[in-house]
Amino acid sequence: DSFQIGTMATMMHHLLEGIPSFLAPEHAVILALSALYLLRRKHTGRMTTAKKLAPYDSNVILPPHVSSYVPYLGSALEMGKGIRKFIARYTTKFHGGRHPIFTATIAGDHCLFIGDPDSVTMVYKYSQYLDDYALQKQFTRNVLGLTDAVDEKEIFSDVAKEANKQYHHYLFSEGELNKTVMEAQDIFQDILPKMIGGSSTSSVSSSSSTGSGPTVWHQQDLYRFVRDCVFKASVAPLISRHLATDEASKLFEAFDKGVPLMFGEAPSFLIKKAAIARKSLIDIISDDEFVEGGSALIQARTGLNFSRNVFIRSALGLLFASVGNSIPAVFWCLYHILQDPVAYEAIRTEVEGVVKSRKTKSNGGGDDDDDDEVPSSFSLEELDKMVLVRSCFNEALRLYHGAFTTREAREDFVFDPKKPGRPKYLIEKGTRVMAFAAVIHHDEEVF
């Protein structure tokens, strides 16, 4: 109306008066219009908020939102510097922690973050309002590259459910798991001497304890050492020996780094390396030798009614599921054990105790130290006896596990934290709920 037009004209006049004289007139106008846009957006936002909350009682509010003027990316860059710190910072910032949930724009999506450990499980408690199917489709489309509508329908069909049953059988049933664990250890023991003896960044010589001559120790980057060992020892028994190579390990690392950006539909120039690595991995999986050297699981999958493209893309998804979390988990566990002399000695004593017990049984209770009759790989039963090893691994997961449980709101709903003095929150349709497990893992009241 005329009043609004007059008010905006007056504001434009005052804004232009305050513009430094060294700016060109067209730049001054653009700057003034931008300022007016921000002011109007803030005013309109207040009106929109009031309208959205009108149907609800006065204790229902919208979660506070992290302001960002970076197009598309929003707060993604800030979050990328440390997810847990990002969540903790804004949980504290918004009314001193009184609002433990907040929203932020991440790669074009309206995302909800939860800073209260007691509320992280809301993704399960409010499952009737939340959808994970849409996000699964987004993963297969953007990350696995399954863009054909027919193939997309197939990968979520009853055939896919049967493939999932196969996965659980070969990964978790005791008989199959024992085979996989033994084969993984055999592969590890085969590649370990080769890794120690070659491709080193530097080496030092020392006198051999046996006096037979100098022994050369090679230095390796710990993460790359773990990456290659875990990749090969996991991929060969679970997927295919044809994929368990140094080349594929490096390709997977490049692909894995780009997964979050691919999932978020980032611009092509940001995911170029990951896309190239994905294509190369697809080429390896497409080779006939992939199935020929395939695991029992892969052989079983060939009997399903999958199209070739779906078979190949699902194998890429299987690769991501198999080693995407294993590599960093083993790295951090090993890193902290090596950094802590007390933990190292305790674990070494525990493992040696299991080996000694094995020798005693194999010798009928005797003291013979002959190693030839003692199998080199540990059984599941023996691994279960290594309580300290398992404890260290669980602690590494607690400290560094960084996965989101993500759901999308299929409709507006009200989330009630059910805590004294806390408001209820209106979660809008289309909001991406990002439950970060590390919030629970670092709850100071527990740990």
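What you see is a predicted model; the values in this text were computed from it and never measured.

Peer 1: Hey, could you go over the overall build of the protein chain for me, with residue numbers and the actual values?
Peer 2: Along the protein chain, the regular secondary structure elements total 20 helices and 10 strands. Counting the 447 residues in the protein chain, one finds 37% classified as buried. A separation threshold of at least 6 residues defines the contact pool for the protein chain, and within that pool the share at least 24 residues apart is 67%. Accessible surface computed for the protein chain: about 26,000 Å², of which carbon and sulfur atoms make up 56%.

Peer 1: Which residues make up the sheet that holds strand 8 (residues 413-415), and what values go with them?
Peer 2: Read from one edge of the open sheet, three strands run 1-9-8, paired in mixed fashion. In this open sheet, the two strands that pair with only one neighbour each are strand 1 (60-61) and strand 8. When strand 8 meets strand 9 (residues 424-427), the two strands line up antiparallel, connected through three bridges. The partner of phenylalanine 415 across the bridge, within strand 9, is tyrosine 425.

Peer 1: Can you lay out the confidence of the model for the protein chain for me, pointing to particular residues and giving the numbers?
Peer 2: In low-pLDDT segments, the atomic positions of the prediction should not be examined closely. The predicted model of the protein chain averages 84 in pLDDT, with 81% of residues at 70 or higher. Within the protein chain, the element-level pLDDT minimum falls on helix 1 (residues 2-17), averaging 44, and the maximum on helix 12 (residues 272-286), averaging 97. Throughout residues 1-23 the model reports pLDDT below 50, and contacts reaching past four residues in sequence, or to other chains, amount to 15 contacts. Within the model, pLDDT remains below 50 along residues 199-203, and this stretch shows 11 contacts once partners closer than five positions in the same chain are excluded.

Peer 1: How would you sum up the sheet that holds strand 10 (residues 432-436)? Please name residues and give values.
Peer 2: The strand order across the open sheet built from five strands is 2-3-10-7-4, with neighbouring strands paired in mixed fashion. Every interior strand has two partners, whereas the edge strands, strand 2 (101-106) and strand 4 (130-131), have only one. As judged from the three bridges shared by strand 3 (residues 109-114) and strand 10, these two strands associate in the parallel manner. Within the sheet, the bridge partner assigned to cysteine 111 lies in strand 10 and is arginine 432. The strands touched by helix 4 (residues 83-93) are strand 2, strand 3, strand 7 (404-409) and strand 10; relative to strand 2, the strand with the most contacts, the crossing angle is about 125°.

Peer 1: Kindly report on the side chain of threonine 91, identifying the contributing residues and their values.
Peer 2: Looking at the element boundaries, threonine 91 is found in helix 4. When its relative accessible area of 11% is taken as the criterion, threonine 91 is described as buried.

Peer 1: Can you explain helix 16 (residues 326-339)? Please cite residues and give values.
Peer 2: Think of an α-helix as 3.6 residues a turn; residues three or four steps apart then line up on the same face. Given a rise of 1.5 Å per residue, 14 residues ought to cover 20 Å, and the 20 Å separating the end C-alpha atoms of helix 16 matches this to within 8%. Taken together, the buried positions of helix 16 are Ile327, Ala329, Phe331, Cys333 and Ile337.

Peer 1: Talk me through the state of the cysteines; I want residue IDs and the actual numbers.
Peer 2: Counting across every chain of the model gives zero disulfides. Looking at the unpaired cysteine 333, the closest cysteine sulfur is the one in cysteine 392, lying at 5.6 Å. Residue class for cysteine 333 comes out buried when judged on its relative accessible area of 10%. For cysteine 392, a relative accessible area of 22% puts it in the partly exposed group.

Peer 1: Can you lay out the packing of aromatic side chains for me, pointing to particular residues and giving the numbers?
Peer 2: Two aromatic rings, taken as a pair, are described by how far apart their centres are and by the angle between their planes. Taken as a whole and assessed by the stated rule, the structure comprises 22 aromatic pairs. Relative to phenylalanine 113, the ring of phenylalanine 86 lies with its centre 5.4 Å away and its plane at 80°, an arrangement referred to as edge-to-face. Residue phenylalanine 86 is located in helix 4, and its partner phenylalanine 113 is located in strand 3; the two are separated by 27 residues in the primary sequence. As far as the burial class goes, phenylalanine 86 and phenylalanine 113 line up, both buried. The interplanar angle of 50° and the centroid separation of 5.8 Å between the aromatic rings of tyrosine 90 and phenylalanine 102 together place this pair among those described as tilted. You can see tyrosine 90 sitting in helix 4 and its partner phenylalanine 102 sitting in strand 2, a full 12 residues away along the chain. The same class applies to tyrosine 90 as to phenylalanine 102, namely buried. Among the aromatic residues, ring-to-ring pairing joins Phe86, Tyr90, Phe94, Phe102, Phe113, Phe404 and Phe436 into one connected group. Over the face of the ring belonging to phenylalanine 447 we find arginine 398, whose NZ or CZ atom lies 4.3 Å from the ring centre.

Peer 1: An account of the environment of leucine 388 is requested, with residue identities and associated values reported.
Peer 2: Residue position: leucine 388 is located in helix 19 (residues 387-400). Since its relative accessible area comes to 38%, leucine 388 is described here as partly exposed. C-alpha of leucine 388 to C-alpha of threonine 349: the two residues are 39 residues apart in sequence and 10.0 Å apart in space. Beyond its immediate stretch of four places on either side in the chain, leucine 388 contacts Ala346, Ile347 and Glu350.

Conventions adopted
- Residues numbered from 1 in each chain as written.
- Predicted model: local features only at pLDDT ≥ 70, side-chain atom pairs only at ≥ 80, totals over all residues.
- Heavy atoms only, no water.
- Helix = DSSP H or I, 4+ residues; strand = E, 2+ residues; numbered from the N terminus.
- Buried < 20%, exposed > 50% of the residue type's maximum accessible area, 1.4 Å probe, protein only.
- Contact = heavy atoms within 4.5 Å.
- Areas by Shrake-Rupley, 256 points an atom, 1.4 Å probe, with all protein chains shown as cover.
- Pairing = 2+ DSSP bridges.
- pLDDT = per-residue confidence, 0-100.
- Axes fitted to C-alpha atoms, helices over the stretch in contact; angles between N-to-C directions.
- Expected span 1.5 Å × (residues − 1).
- Disulfide = S-S within 2.5 Å.
- Phe/Tyr/Trp six-rings, centres within 6.5 Å; stacked < 30°, edge-to-face > 60°.
- Lys NZ or Arg CZ within 6 Å of the ring centre and 35° of its normal.

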